[in-house]
Amino acid sequence: MQIKICGLFRDEDIDFVNEARPDYAGFVFAASSRQVSAVLAQYLRFRLANEITPVGVFVNAPIAQIVELYRNNIISIAQLHGNEDESYINQLKKLSEVNIRQTKIPAIKVIKTLFPNSGLWSKNIPSNADYYMIDSGSGSGKTFNWDILKSIKFSKPWFLAGGIDLKNINKAMMHKPFAIDVSSGAETDGIKDRQKILDLTAAVKGKK
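Here's a quick rundown of the structure. (Residues numbered from 1 in each chain as written. Predicted model: local features only at pLDDT ≥ 70, side-chain atom pairs only at ≥ 80, totals over all residues. Heavy atoms only, no water.)

### What to know about the sheet that holds strand 3 (residues 53-58)
- Taken in spatial order, the eight strands line up as 1-2-3-4-5-6-7-8 and close into a barrel, and their pairing is parallel. Strand after strand, the sheet turns through a mean of 25° between neighbouring axes, direction not considered.
- Running over the sheet, helix 4 (residues 86-96) touches strand 4 (77-80) and strand 5 (107-111) and is turned about 165° from strand 4. (Pairing = 2+ DSSP bridges. Helix = DSSP H or I, 4+ residues; strand = E, 2+ residues; numbered from the N terminus. Axes fitted to C-alpha atoms, helices over the stretch in contact; angles between N-to-C directions. Contact = heavy atoms within 4.5 Å.)

In structure tokens:
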């Protein structure tokens, strides 16, 4: 199982994740208390350990913005929290492929609400995303009823997010997601906490 620590915006945050070695580090480009500019993200990305994959977090962002960040090697994956649909993701992949990497940017599509019995899952979820992320809401820091996950068969690797912290991470892992995503659960008073990042990463990696 893998883990992503999201919402990094300080030098210390990079120091903490470089020490803990999660699989992914998230930079938030959408409006948020953790929002970063392209310039700051580039600086933080330069300091990030090579084996940690940088993820950009967006909400209905202009495709050109994401492509530019990808072309400049600031992000390696786009995490989409808004109303991005099949067409949006197709265009993102098409434009991102025309760069020095000659590869299409992988996309994580965030699913904020699940209604397994209504058909919403099969009809409205972009099938061209590379990953899904199941969350209670964009940056809400709240959990949802994880029991509904039992009735859904995921066609793509999926991240579990929303209110995960040291108190419930073992329960979250019992649902066997591809990866756990943590932001506020790795903080104290709104700031990334070194020990929490170390402990969360260790819990997922089986080091505790």
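So, next bit.
### Comments concerning the packing of aromatic side chains
- Summed over the entire model, instances satisfying the criterion amount to six aromatic pairs.
- Consider the rings of F154 and W158, whose centres lie 4.4 Å apart with planes at 20°: the pair is stacked. The pair F154 / W158 is uniform in exposure class, with both members buried.
- Connected via pairs of aromatic rings, a cluster forms that spans Y24, Y131, F159 and F178. (Phe/Tyr/Trp six-rings, centres within 6.5 Å; stacked < 30°, edge-to-face > 60°. Buried < 20%, exposed > 50% of the residue type's maximum accessible area, 1.4 Å probe, protein only.)

### Quick notes on the pairing of strand 8 (residues 179-182)
- With burial as the criterion, each face of strand 8 is covered, one bearing A179 and D181 and the other bearing I180 and V182.
- In this sheet, strand 8 lies alongside strand 1 (residues 2-6) in parallel orientation, the contact comprising four bridges. Across the sheet, I5 pairs through a bridge with V182, a residue of strand 8.
- Both strand 7 (residues 158-160) and strand 8 contribute to a ladder of two bridges, which runs parallel. The residue of strand 8 that forms the bridge with L160 is I180.

### As for the nonpolar core
- Counting residues in hydrophobic clusters, the biggest one holds 56 residues, and the most contacted among them are I66, I75, L160 and I180.
- When residues no more than four places from it in sequence are discounted, the contact partners of I66 are F58, A61, I75, A78, L80, Y88, L92 and I105.
- If you look at the next biggest cluster of nonpolar residues, it comprises ten residues, including Y24, V55, V110 and F159. (Core = buried A, V, L, I, M, F, W, Y, C linked by side-chain atoms within 4.5 Å.)

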